[in-house]
Amino acid sequence: MPRLIVVSNRVSAPVDPAAGSAGGLAMALSAALKAYDGLWLGWSGDTVETFTGEPKFEDRAGVQVALVDLEAQDVEEYYNGYANKTLWPLFHHRVDLTAYERSYGEGYERVNRRFAEVLAPLVQPDDLIWVHDYHLIPIAWHLRRLGVTNRIGFFLHTPWPVRQLLVTLPHHRRLVESMFAYDLVGFHTEEWLDLFRDYVVSEARGELDGEGGLECFGRRVQTGVFPIGIDVDGFLAARDSPLGVRTYDRMAASSAFRSMMVGVDRLDYSKGLEERMVGYEQFLQDHPEKHGDVFLVQVTPISRDEVDAYQDIRARLDALAGRINGEFADMDWQPIRYLNRTYRRDQLAGIYRAARLGLVTPLRDGMNLVAKEYVAAQNPDDPGVLILSRFAGAAEQMGEALLVNPFSREELSDAIHKALTMPREERIRKWKALMQVVRDTDVSVWRDAYVAALRAAPVAANGDEAGSRSARPDAA
Ligand code: ADQ
């Protein structure tokens, strides 16, 4: 088995795996790397006065990591800037929030080049290199220029945007062209892959080769769909751990005679949190007889707080939760418990299990692992119901959930009512089908399928001379 080098923006392998961390990619990658002799390279989260290019090596719960410090300007332009203010909103269809600053693009290229320069000397001949997410799209192009001929794969954890929005990005063509320095490009769903193909064929005049490959810019790249999942056994163990059980008992006691609904999301405008609260408010207006019978626990750790759009949505959510509680609460009932904090994975599992309803209603989401965690945490004899946005990648597999359009508060209100009144047999039937999907897409299946596809990617692409892959114009 070749060594696997994983590259992502942050190396967020938790020191204590049971504690987990608030981010889908972190959880998935630490689970994935355990099985391989590997190395995980990325930003340490720290800044230094002057970039050194010298990584720090550490062992994190059995995972070897290489941590790179960045300069403050790098963080501002590459991370807060191009990644979080340009690509993230654009890939989630929020052109209204997308910043098109030239300096951000320059910082993005610079940091990708720096990461490539740190990585290139660490690469051994048979290593597989697996790059994750939108922060590092051009890194393979820089690695090729440095003479790295190993197989390099890319996986996008977010949606791919529709072509008509992608072309609003200055240098969109260069970004896509740099993806052709990879041997394999993977997405969560057919829908995101179709959108990528559409750009390549309609905008860049590339061609499908009939074998899952795309030809464009004088090169060929293999593509594939690899739906990510959770570490099912690890999650079930967390659920059944002493703290998991204790948390469940606590939540069950605090929801006596009431139905608890749960939402667990990073504080992000893509997660549809405002729309969810408004839908719940609509439900409370539509069903006065349910007042006092239901409550929503919304667990939402603050994220990316240095970006204005995140401060804005945080303020709006504070106001909205306060308004709904102010309007509907009674002396012994509060409709929303809004918690801006993270919990350990075992605690989260206990919270999910106590909830009669899981609300997963993003406006656009690459996959969404919370949907899978909620299902895995349920009691098979008396499971809760998952309400899932049709715009989450997870909806492509989890059709047995109650699929909703999160932009419609009436639809959300109706779905909440339907879920709360769903007979037990129907809940069990739906849960069984959903749990099968959760098992079939376990994170180890995702990892192994991707690595196998990378190893099998056609040699013609892999065997290219580094120089022939360097045709991309190098303007910033
Ligand atoms: P995220 O946008 O971070 O991931 P998601 O897939 O839902 O979204 O993963 C969130 C993870 O963080 C879950 O494991 C969840 O349990 C955890 N988490 C959230 N809130 C928490 C809290 N308060 N305390 C503790 N843990 C918390 C990105 C993409 C997704 C894609 C993943 C993986 O945006 O679409 O599914 O990567 O590819």
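Because the structure is a prediction, the values reported are computed rather than measured. (Residues numbered from 1 in each chain as written. Predicted model: local features only at pLDDT ≥ 70, side-chain atom pairs only at ≥ 80, totals over all residues. Heavy atoms only, no water.)

A few words now on the domain arrangement of the protein. One can read the domain layout of the protein as domain 1 (4–229 + 443–469) and domain 2 (232–440). Just the C-alpha atoms count here: the centres of domain 1 and domain 2 sit 30 Å apart. Opposite the 35 residues of domain 1 that make contact, domain 2 presents 26 residues. The contact between domain 1 and domain 2 buries some 2300 Å² in all, and 57% of this surface belongs to carbon and sulfur atoms. Linking domain 1 with domain 2 are 11 residue pairs in polar contact (both at pLDDT 80 or more). Among the secondary structure elements, those contributing two or more residues to the side of domain 1 that touches domain 2 are helix 1 (24–34), helix 2 (72–91) and helix 7 (190–203). No other element matches helix 2, which puts six residues into the side of domain 1 that touches domain 2. Each residue belonging to the side of domain 1 that touches domain 2 can be placed in one class, and the counts come to 19 nonpolar, 11 polar and five charged. (Domains from an automatic or database assignment. Contact = heavy atoms within 4.5 Å. Buried area = accessible area lost by both parts, 1.4 Å probe. Polar contact = N/O pair within 3.5 Å; in protein donor to acceptor, adjacent residues only side chain to side chain. Helix = DSSP H or I, 4+ residues; strand = E, 2+ residues; numbered from the N terminus. Nonpolar A, V, L, I, M, F, W, Y, C, P; charged D, E, K, R; others polar.)

Next up on the list: the pattern of salt bridges. Under the defined criterion, the tally for this structure stands at 30 salt bridges. Of the charged contacts in the structure, one is a salt bridge between Glu77 and Arg110, with a shortest N-O distance of 2.9 Å. With Glu77 in helix 2 and Arg110 in helix 3 (residues 102–119), this pair connects stretches of sequence that are 33 residues apart. Judged by relative accessible area, which is 12%, Glu77 ranks as buried. We classify Arg110 as buried; its relative accessible area is 17%. In this structure, the salt-bridge partner of Arg314 is Asp305, at a minimum N-O distance of 3.1 Å. Arg314 gets classed as partly exposed once you look at its relative accessible area, which sits at 28%. Asp305 sits in the partly exposed class, given a relative accessible area of 30%. Beyond isolated ion pairs, a larger network of salt bridges with shared partners links Glu71, Asp74, Glu77, Arg110 and Arg114. (Salt bridge = Lys/Arg side-chain N within 4 Å of Asp/Glu carboxyl O. Buried < 20%, exposed > 50% of the residue type's maximum accessible area, 1.4 Å probe, protein only.)

Looking now at the sheet that holds strand 1 (residues 4–10). Read across the sheet, 10 strands follow the order 3-4-2-1-5-6-7-10-9-8 without closing on themselves; strand pairing throughout is mixed. Bordering the open sheet on either side are strand 3 (56–60) and strand 8 (207–208), each of which pairs with just one other strand. The sheet contact formed by strand 2 (residues 38–48) and strand 4 (residues 63–71) spans six bridges and is parallel. Bridge pairing in strand 4 places Val48 opposite Glu71. Running at roughly 130° to strand 2, helix 3 makes contact with strand 1, strand 2, strand 4 and strand 5 (128–132) of the sheet. The strands that helix 7 touches are strand 7 (184–187), strand 8, strand 9 (213–216) and strand 10 (219–225); relative to strand 10, the one it contacts most, it runs at about 160°. (Pairing = 2+ DSSP bridges. Axes fitted to C-alpha atoms, helices over the stretch in contact; angles between N-to-C directions.)

Before going further, it helps to spend a moment on unusual backbone geometry. Most peptide bonds adopt trans geometry, and most residues besides glycine take a negative phi value. Notably, His171 is not glycine yet its phi reads approximately 65°, a positive angle. Of note in the backbone geometry, Arg304 takes a positive phi value of approximately 50° without being a glycine. Using a relative accessible area of 19% as the deciding quantity, one classes Arg304 as buried.

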